[in-house]
Amino acid sequence: MPHSLRVRLRTAASAAALMAAASASQAALVDVTVTVQNLQPANSVAFAALHLGFNSGTFDAFNIGEAATAPIISVAELGSGAAWQAAFAAADPGATRGTVTGRLDPGMTRSATFRVDTSVNRYFTFASMVVPSNDLFIGNDNPLQYQLFDIGGNLLIPSITVGARSVWDAGSEIFDPAAAAFVGTSSMRRDQNSVVAFNFAELAAFNGLTTAAGYTFNSALTADSDIYSIGFNVAAVPEPGSYALMAAGLMAVGFAIRRRRSDATSGRAATV
Ligand SMILES: [Ca+2]
Ligand SMILES: [Ca+2]
């Protein structure tokens, strides 16, 4: 075999290997755009910011029938994710955590994008305060309830719809419209000393009160009412390292092509 052909074959083979390595290593990283929508009509419930994490399934924020802990109380009573995020980080340091910021009034949509490694963070966990309320929230009790990605990084759940029947009462603050967020003064809160339980019926008791958004609250929720949706849109992202691998592969291909052209030119010149 002529030396120049061996070089071309070797160069082409190493270029192919580099390209293959690049495409294999980029499978794990994706950009996930989370879009939240308040499915309720005007004058109904609103939601505080959505606190979320793409994770390994090891952070369990609360349990039905048990006293709520400080992290979920901070979400349920104040809409704040600080304590929840800190507990999440401690339980699952490799999780991609974040927030879709801003209150979500009836009919409103908001979104945010997160870079997720699907090789380690296949599950989705969320929590958001429902207002008006003293301590109502939405979120998943079971950290393994929503497996977003399979082992190959394919999206398994395009959206999550939350119904009124899935609204939680943290059991930490006594029902009192005067102390409820969005319609009252939250500094007046009183301890409930109860446990986490389903409770959307309490929302009807706020009907007729003026909200912080200026509308008169009028909830007509039934257990079957859809109140909230979380949609997932996935875009592939090559890892930074694979850009370098792909560049190296392309350079090797370019080198092989240039070499073949120069060989062809010198070959032609020799026969004339
Ligand atoms: Ca749980
Ligand atoms: Ca309560």
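Quick note: structure is the one above.
Conventions used here
Residues numbered from 1 in each chain as written. Chains lettered and ligands numbered in written order. Predicted model: local features only at pLDDT ≥ 70, side-chain atom pairs only at ≥ 80, totals over all residues. Helix = DSSP H or I, 4+ residues; strand = E, 2+ residues; numbered from the N terminus. Buried ≥ 20, exposed ≤ 12 C-beta atoms within 10 Å, placed from the backbone. Contact = placed C-beta atoms within 7 Å. Core = buried A, V, L, I, M, F, W, Y, C linked by C-beta atoms within 7 Å. Pairing = 2+ DSSP bridges.

Caption draft 1: Fine view of the overall build of the protein. Counting its regular elements, the protein contains four helices and eleven strands. Per-residue burial over the protein gives 34% buried out of 272 residues. For the protein, the proportion of contacts with a sequence separation of at least 24, taken over those separated by at least 6, is 77%.

Caption draft 2: Structural context of the nonpolar core. Of all hydrophobic cores here, the largest spans 55 residues; its most connected members are Ile 72, Ala 76, Val 130, Val 131 and Phe 137. Here this core takes seven residues from strand 6 (residues 123-131), the largest share from any one element. Not counting chain neighbours up to four residues away, the residues in contact with Phe 137 comprise Val 75, Ala 76, Ala 127, Ser 128, Met 129, Val 130, Trp 168 and Ala 170.

Caption draft 3: Inspection of the pairing of strand 3 (residues 50-55) at higher detail. With respect to burial, strand 3 is a largely interior element, six of its six residues being buried. Judged by which residues are buried, strand 3 turns out to be covered on both faces: Leu 50, Leu 52 and Phe 54 on one side and His 51, Gly 53 and Asn 55 on the other are all buried. Relative to strand 4 (residues 96-100), strand 3 runs antiparallel, the two sharing five bridges. Looking across to strand 4, one finds that Phe 54 is bridged to Thr 96.

Caption draft 4: Seen up close, helix 2 (residues 70-78). Across the nine residues that make up helix 2, a large majority, seven, are buried. Those residues of helix 2 lying buried are Pro 71, Ile 72, Ile 73, Ser 74, Val 75, Ala 76 and Glu 77. Packed against the buried residues of helix 2 are strand 3, helix 3 (82-91), strand 6 and strand 7 (136-139). Downstream of helix 2 by one or two residues, Gly 79 has phi in the positive range, about 75°.

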